[in-house]
Amino acid sequence: MPEKMIDDVTLQTLPGDAIRQIMWRFSDRFDIQMLVQSTRAVARGPVARLVAEGARSTHDWTDQKAALFKHFDEAGITGAFLDPECGGMIEGPKNLLFALIAFELAWVDAGAATASLAGNLAFAPIHERGTPEQRLHYMQRMVPPAPGENRKPLRGAFGLTEPIPYVGVDTGALGGKVRIAEWPDGGEPILHVEKRGRFITNMDLANFVTAAVDSDDPRIKGSCMVILEETDPGIFDRGAPTRKLVHQLSSTRDPIFSLKVPASRIIGGYKIKDGVIIPNYSHGDIIEAVFRRTRITVGAMTAAKLLSAVEPVIRYQRGRFRGTPTVQPGSSRYELGLQLKEDTLHRLVDIWASGEAAASLVFAAARLFDEIDPLEREKDRILEQQGVSGAWAQMKVFRNLRPKAMEYVELCAQKPEHRDTSRFKELEQDPLVRYMVLDAVGNVLCPASKLWNTGHGANMMREALSLMGGYGITEDCPGFLAFKWMDAQLEATYEGPEAVQRRQLSITMTMDIFLAQFRNWIKEMRQIASRRPGTGACTLATAMEMWLWTLEHLQNATDANGNKLYHSPRQGVTFALADALCWLLASRYQIRDVLELEEKGRNNPMVAEGLDGTLAFLTDLCHVQSARASGEVGRICAELVHGYNRHPSWDGESCHPYTPTELDALESVAPGIAGGVAGHADIMSTEGDPHPCKAGPCVRFEGLETFTRMRLKLDGCLTGARLAKDRAAQALTKVMIPEALDYPQ
Amino acid sequence: MSEGYHIVVCAGIVPDPLQTLQPVQTPTGWGLKNEMMLPAVLDPWAAHALYEAAHLAKKTPGSKVYLVSLAPKAKLQQVMMTVAQKAAFELVPVDGPASGFTEAFEVASALYEAIMGIAGLDRNKLLLFGGWESASRGAGSTLQILGEMLQIHDQFQGVDECTVNPDGSLQILERVEGGNHQVSVCKGPPVVLGWATGNLPEPPNNPQIGMSNMRTIMPALQKAKTAKIGADGVFFGSVELPKQLRQTRVVKDAQVDEIAREILEWIRK
Ligand SMILES: Cc1cc2nc3c(=O)[nH]c(=O)nc-3n(C[C@H](O)[C@H](O)[C@H](O)COP(=O)(O)OP(=O)(O)OC[C@H]3O[C@@H](n4cnc5c(N)ncnc54)[C@H](O)[C@@H]3O)c2cc1C
């Protein structure tokens, strides 16, 4: 590697808490920092010891695993969702908090994260849509015992998924049924609930289950969620344990319920009209509100694993040849081991960059929902005041607000000194407008972070353990990398498999309020690129433009048979574009977090000491990641833009290679093409032949020039990306790591 | 002692022991490579003193625990995110270097100032706790000097246990040669106890305690006075890390006595 590329200013130590607190924006939240620390102590203490002792070798729920709950309770993890008036510690929205808790636990074991947060998932339907009485009643009973207090808190499970053919997240049809068992005169109806669950987390411990059921009685309208308790009359059978291979520190079973419960257990309450019970919320309404928050925590788990892999891999690489008599201390083989090989470094750079991007994306999503939460409650309050009820009526209100929301987005992009300040303030302070604008992004960021972090994350985890060779695929591997890889597959699946996230994205990413903000982000990236070209923001902006162009193109274009391209059954189009978008978003938030560190880091003496080096390294990771993202986007877009046109053959009038005149026209897009192609016998027709050998005729379609220009530009934008990777790779050979991992193996 | 003790625990912070520690010359003298950036923990022996203090305070109603710490305050704040969850205390921070390359007398002087500034501190109830030595400087001198400055002459070092007798006197177990303890009885405060490891496990984190501590910790950190601490007049002849030596031999079925004999031989060499 040329000497001048090895910059003196480089990463000194692995980024510590102070850096992460700035990047992920909780440096002024001591309450959150404390919970992070207490969670970390549980993760790297009792959880890690359990994994190291082999507790993951069975899917059965054991006393050892159950004992973890005492630690979760003491550390404030199981009670994290509680509001202060119910004995909780953290005020206000808690999405970032949950994401950080999941991150800390999954740093060691994601099953522990799942177990500890399952109660939160169970309670989420009640928290999001329950009546105030339901919320208070269950919250109070779920308060974990104080240290020394001998009380059993209520634990819950979330019961949506059912045995095949009904299953769960993505189905309108539910096998679980609710009927009216008794309806005493003037009294509260008693319901009979029949529900079979499949893969239900926490079922070994749950004292209550929030279950999705459909009406099987003309006197109940539609579907709903009900709260089932273990003491309700009837059958509360916890069922067979799921013979799962992953997340072994959580409990999963296929329960069977046949219970009688009062109608007051319908989550969110109900009305009675003409002798029919009408639940205030369908099960669909509720799970939408729940998953848009809880899916974020899942994305945080896989992000943690990628970043957790860095230290063990570096230690393995460096120590690889130590102990051989011929490898003497002080020699580069002794000091650097496998790090002498460029590929090992480059691959680790890729893993680290993905981890950074995943963490940035998921924490941005979590913070966004912390903003949305109070706005959503305010929105509900305002709409109720205005007498607006039901999804249709709400949609109408928002349709009318659309121009204002678009105007607000437009003003956001203007420089403060140029925009109409009073109008901007007026719109900004309108909770409905702000809600609409943030919600449009939330509807994209939630599925995007779940999809990309877990799916791409699982792929990158495989890379991580492959860097450890045979050791990587053993139980002894430091950092439990093989478990983390397997577990990532569950994270990609539960709470809605990847297809469900892609489906949601393919709708939400086409919303004009989202796209208007996306356009602003392109400008933002261009501005960043002019100040900090090393971030790869320029590359990203170009890729973002290409994605946007492709989306618009595909929304109007048809395939060779004249069929529509961008619509929901055409998942080959919509899903691929959803995937492409995720790459862009992850990269964008990664760059923003590094800029945040640049801005705030100097004020913190712990960060300031090595800030220039840390920034140089993290900036290089941004560049590496944005290049990769652009590559993915370019590939996907090119395939979609060209791939649905029929390959030209030689039988038609128009099917011929580029004529010299056409090549001259393309010269403006691709300088040199005319000369280059003209000199190529493969492509140009030769005198006497019906058509040229080998190569087919060339492609033409509406918009080709623009697309080709973008493709070329995108390729050019990759300039420097590999140099950034080389620098980052060099940094990996120098960075100081601790003597040993801070949890057992 | 019905009105309780005023237990002042002196504890610095040190780099997390798992980190790679590499002495380097800095413009201001010796230090550790990347010291500011390395994660820090409460000095382990002093941390035991804190747990013992919290335990004693709990058993003795009316007691109060103060944690006096000289450290860069940003780093101290980070360490508090964990330590504040372990026990209830009032933090008395002094902003200054936590390096092991400072002079014990200067450190003791800064701690003295800080302790004298604690409002309502009653000398007749004072138990001065700390570590018998520090993970960043094993001289074991700071607490002794500080005790002398405070004119407390009942001093015990390497303490593993302190029990309160019914008459209010204190029975103290100090480590002495050969894994034994020396048992002493002193009539009560004021007294200096330099703790070894004590008998108590590290308490689990309790964020509830942490949050309530933070209400006073944050303002205290904001107001922390800066102390200029260095090593005036001290010359470091040489600085190096303790050497690790590893000689491994794989032998099957060796007898315990044989292994012990061999280890002894190796140590004596
Ligand atoms: C360990 C574990 C714990 C769990 N915990 C709980 C819990 O606590 N509560 C609960 O209710 N559930 C739980 N689940 C269930 C989990 O949420 C579901 O398994 C998950 O949502 C996937 O659904 P599925 O298994 O029915 O897969 P399917 O829906 O059958 O999906 C399989 C595949 O089919 C394809 N596919 C499906 N739908 C579409 C589509 N619309 N378009 C294109 N392709 C599609 C995709 O390739 C997808 O990956 C848990 C599962 C496991 C394994």
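Residues numbered from 1 in each chain as written. Chains lettered and ligands numbered in written order. Predicted model: local features only at pLDDT ≥ 70, side-chain atom pairs only at ≥ 80, totals over all residues. Heavy atoms only, no water.

Re the overall build of chain A
Reasoning step 1: Of regular secondary structure, chain A possesses 24 helices and 10 strands.
Reasoning step 2: Compactness check: chain A gives a C-alpha radius of gyration of 28 Å against a globular reference of 27 Å for 745 residues, within 12% of the reference.
Reasoning step 3: Projected onto its principal axes, the C-alpha positions of chain A cover 95 × 70 × 55 Å.
Reasoning step 4: Residue burial in chain A is summarised as follows: out of 745 residues, 58% are buried.
Reasoning step 5: Look at the contacts in chain A between residues 6 or more apart in sequence, and 76% of them connect residues 24 or more apart.
Reasoning step 6: Here chain A displays about 30,300 Å² of accessible surface, and carbon together with sulfur accounts for 52% of that area.
Reasoning step 7: Placing the 84 positive and 94 negative side-chain charges of chain A at their respective mean positions leaves the two points 1 Å apart. (Helix = DSSP H or I, 4+ residues; strand = E, 2+ residues; numbered from the N terminus. Rg over C-alpha atoms; globule rule 2.2 N^0.38 Å. Buried < 20%, exposed > 50% of the residue type's maximum accessible area, 1.4 Å probe, protein only. Contact = heavy atoms within 4.5 Å. Areas by Shrake-Rupley, 256 points an atom, 1.4 Å probe, with all protein chains shown as cover. Lys, Arg positive; Asp, Glu negative; His and termini not counted. Charge placed at Lys NZ, Arg CZ, Asp CG, Glu CD.)

A look at the interface of chain B and chain A
How big an interface is tends to be stated in terms of accessible area lost as the parts join.
Reasoning step 1: Facing 27 residues of chain B, the contacting portion of chain A comprises 32 residues.
Reasoning step 2: Summed over both sides, the interface of chain B with chain A buries roughly 2,600 Å², with 64% coming from carbon and sulfur.
Reasoning step 3: Counting the surface chain B buries against chain A, the share from its top three residues, Leu 18, Met 37 and Gln 78 of chain B, is 25%.
Reasoning step 4: Scanning the region where chain B abuts chain A turns up zero salt bridges.
Reasoning step 5: Where chain B packs against chain A, one counts eight residue pairs in polar contact (both at pLDDT 80 or more).
Reasoning step 6: Only α2 (73–83) and α5 (207–223) of chain B provide two or more residues apiece to the side of chain B that touches chain A.
Reasoning step 7: Top contributing element to the side of chain B that touches chain A by residue count: α2 of chain B, with seven residues.
Reasoning step 8: A class-by-class count of the residues in the side of chain B that touches chain A yields 13 nonpolar, 11 polar and three charged. (Buried area = accessible area lost by both parts, 1.4 Å probe. Salt bridge = Lys/Arg side-chain N within 4 Å of Asp/Glu carboxyl O. Polar contact = N/O pair within 3.5 Å; in protein donor to acceptor, adjacent residues only side chain to side chain. Nonpolar A, V, L, I, M, F, W, Y, C, P; charged D, E, K, R; others polar.)

Quick notes on the domain arrangement of chain A
Residue and element names in this part refer to chain A.
Reasoning step 1: Looking at the assigned domains, one finds that chain A contains domain 1 (17–142) and domain 2 (156–282).
Reasoning step 2: Here the C-alpha centre of domain 2 lies 25 Å away from the C-alpha centre of domain 1.
Reasoning step 3: Across the boundary between the two partners, domain 1 contributes 31 residues, which contact 30 residues of domain 2.
Reasoning step 4: If you sort the residues of domain 1 by the area they bury against domain 2, His 59, Trp 61 and Tyr 138 come out on top, with a joint share of 26%.
Reasoning step 5: Inspection of the domain 1/domain 2 interface yields one salt bridge.
Reasoning step 6: Of the charged contacts, one joins Arg 141 and Glu 229 as a salt bridge, the two residues approaching to 3.4 Å between their closest N and O atoms.
Reasoning step 7: Contributions of two or more residues to the side of domain 1 that touches domain 2 are made by α2 (30–52), α3 (63–74), α5 (110–129) and α6 (132–142).
Reasoning step 8: At 12 residues, the largest contribution of residues to the side of domain 1 that touches domain 2 is made by α5.
Reasoning step 9: In terms of residue class, the side of domain 1 that touches domain 2 is made up of 17 nonpolar, eight polar and six charged. (Domains from an automatic or database assignment.)

A short note on the pairing of strand β3 (residues 190–196) of chain A
All names here are of chain A.
Reasoning step 1: The pairing of strand β2 (residues 177–182) with β3 spans five bridges and is antiparallel. Bridge pairing links Ile 180 to Leu 191 in β3.
Reasoning step 2: Note that β3 and strand β8 (residues 252–262) share seven bridges and pair antiparallel. Bridge pairing in β8 links Lys 195 to Phe 257. (Pairing = 2+ DSSP bridges.)

With respect to the site of the ligand
Residues and elements named next belong to chain A.
Reasoning step 1: By nearness alone, 20 residues border the ligand, and Phe 158, Thr 161, Val 167, Phe 199 and Thr 201 come closest of all.
Reasoning step 2: Leu 160 places a main-chain nitrogen or oxygen 2.9 Å from an oxygen atom of the ligand.
Reasoning step 3: A distance of 2.7 Å separates a nitrogen atom of the ligand from a polar atom in the backbone of Phe 199.
Reasoning step 4: Protein chains shield 69% of the accessible area of the ligand, which is 970 Å² for the free molecule.
Reasoning step 5: Secondary structure elements with two or more residues in the shell around the ligand: β4 (200–201) and α15 (498–508).
Reasoning step 6: Considering only residue class, the shell around the ligand consists of 10 nonpolar, six polar and four charged. (Near = heavy atom within 4 Å.)

Overview of the packing of aromatic side chains
Centre distance and the angle of the planes are the two values used to describe a pair of aromatic rings.
Residue and element names in this part refer to chain A.
Reasoning step 1: In total, this model carries 26 aromatic pairs over all chains according to the counting rule given.
Reasoning step 2: With a centroid separation of 5.5 Å and an interplanar angle of 55°, the aromatic rings of Phe 103 and Phe 363 are classed as tilted. Taken as a pair, Phe 103 in helix α4 (residues 95–106) and Phe 363 in helix α9 (residues 342–385) lie far apart in primary sequence, 260 residues in all. Of the two residues examined, Phe 103 and Phe 363, each falls in the buried class. (Phe/Tyr/Trp six-rings, centres within 6.5 Å; stacked < 30°, edge-to-face > 60°.)

Concerning the nonpolar core
Reasoning step 1: Phe 72, Met 509, Phe 514, Phe 518 and Trp 547 of chain A are the most contacted members of the largest nonpolar core, which has 213 residues in total.
Reasoning step 2: The element best represented in this core is α9 of chain A, accounting for 21 residues.
Reasoning step 3: The residues that make up this core include at least three from each of domain 1 (17–142) and domain 2 (156–282) of chain A.
Reasoning step 4: Not counting chain neighbours up to four residues away, the residues in contact with Phe 514 of chain A comprise Ala 440, Val 441, Val 444, Thr 508, Met 509, Trp 521 and Leu 581 of chain A.
Reasoning step 5: Ala 11, Val 79, Met 80 and Cys 186 of chain B belong to the second-largest nonpolar core, a separate cluster that totals 42 residues. (Core = buried A, V, L, I, M, F, W, Y, C linked by side-chain atoms within 4.5 Å.)

Details of the packing of α4 of chain A against α9 of chain A
Residue and element names in this part refer to chain A.
Reasoning step 1: Interaxial distance between α4 and α9 falls to 7 Å at its minimum, and their mutual angle equals 150°. Relative to α9, the element α4 is oriented roughly antiparallel. Each of Asn 95, Leu 96, Ala 99, Leu 100 and Phe 103 in α4 lies in contact with α9, whose residues at this interface are Ala 359, Phe 363, Ala 366, Arg 367, Phe 369, Asp 370 and Asp 373.
Reasoning step 2: When grouped by side-chain class, the residues that make up the contact of α4 with α9 number eight nonpolar, one polar and three charged. (Axes fitted to C-alpha atoms, helices over the stretch in contact; angles between N-to-C directions. Parallel < 35°, antiparallel > 145°, perpendicular 65-115°, else oblique.)

Some thoughts on the pattern of salt bridges
Residue and element names in this part refer to chain A.
Reasoning step 1: Summed over the entire model, instances satisfying the criterion amount to 61 salt bridges over all chains.
Reasoning step 2: Of the charged contacts, one joins Glu 104 and Arg 44 as a salt bridge, the two residues approaching to 3.6 Å between their closest N and O atoms. Of this pair, Glu 104 sits in helix α4 while Arg 44 sits in helix α2, placing them 60 residues apart in sequence. By the burial criterion, Glu 104 is buried, and Arg 44 matches it.
Reasoning step 3: Residues participating in the shared-partner salt-bridge network are Glu 128, Arg 129, Arg 292, Arg 293, Asp 373, Glu 376, Arg 377 and Asp 439.

Considerations on the confidence of the model for chain A
All names here are of chain A.
Reasoning step 1: Per-residue confidence for chain A averages 92 on the pLDDT scale, and 92% of its residues sit at or above 70.
Reasoning step 2: Confidence drops under pLDDT 50 across residues 1–7; counting only partners more than four residues distant or on other chains, this segment forms nine contacts.
Reasoning step 3: Here residues 677–685 is a poorly scored stretch, pLDDT under 50, and it has 18 contacts once near neighbours within four places are set aside; other chains count. (pLDDT = per-residue confidence, 0-100.)

Regarding the sheet that holds strand β7 (residues 90–95) of chain B
All names here are of chain B.
Reasoning step 1: Spatial strand order, β11-β10-β9-β12-β8-β1-β6-β7-β13: nine strands in an open sheet with mixed pairing. Lying at the two open borders of the sheet, with one neighbouring strand each, are β11 (180–186) and β13 (225–226).
Reasoning step 2: When strand β9 (residues 155–164) meets strand β12 (residues 191–195), the two strands line up parallel, connected through four bridges. Each residue of the ladder has a partner; that of Gln 157, found in β12, is Gly 194.
Reasoning step 3: Against the sheet, helix α1 (residues 44–59) makes contact with β1 (6–10), β6 (64–71), β8 (126–131), β9 and β12, and its axis sits at roughly 150° relative to β8, the strand it touches most.

Regarding the confidence of the model for chain B
Reasoning step 1: Summary statistics for chain B give a mean pLDDT of 91 and a share of 97% for residues scoring 70 or more.
Reasoning step 2: Model confidence for the complex: the whole-complex pTM is 0.93, and ipTM, which rates the interface, is 0.89.

A closer look at the environment of Val 164 of chain B
Residue and element names in this part refer to chain B.
Reasoning step 1: Within the element layout of this structure, Val 164 appears in strand β9.
Reasoning step 2: With 21 residues separating them in the primary sequence, Val 164 and Val 185 have C-alpha atoms 9.6 Å apart.
Reasoning step 3: With residues up to four places along the chain from it excluded, the contact list for Val 164 reads Tyr 5, Leu 56, Ser 169 and Leu 170.

A word on the environment of Leu 91 of chain B
Reasoning step 1: Here Leu 91 of chain B is to be found in strand β7.
Reasoning step 2: For the pair Leu 91 of chain B and Ile 217 of chain B, spaced 126 residues apart in the sequence, the C-alpha separation amounts to 5.7 Å.

Some details on α3 of chain A
The α-helix winds at 3.6 residues per turn, so residues separated by three or four positions along the chain end up facing the same way.
All names here are of chain A.
Reasoning step 1: Helix length check: α3 (12 residues) gives 18 Å between terminal C-alpha atoms against 16 Å at 1.5 Å per residue, within 8%.
Reasoning step 2: Within α3, burial applies to Lys 65, Leu 68, Phe 69, Phe 72 and Asp 73. All buried residues of α3 lie within an arc of 140° about the axis, which places them on one face of the element. For α3, exposure combined with an orientation more than 90 degrees from the buried face picks out Asp 63 and Lys 70.
Reasoning step 3: Turning to α3, the residues buried within the fold contact α2, α4 and α5.
Reasoning step 4: Downstream of α3 by a residue or two, Gly 76 has a phi angle that is positive, lying close to 85°. (Expected span 1.5 Å × (residues − 1). Arc of directions from axis to C-beta.)

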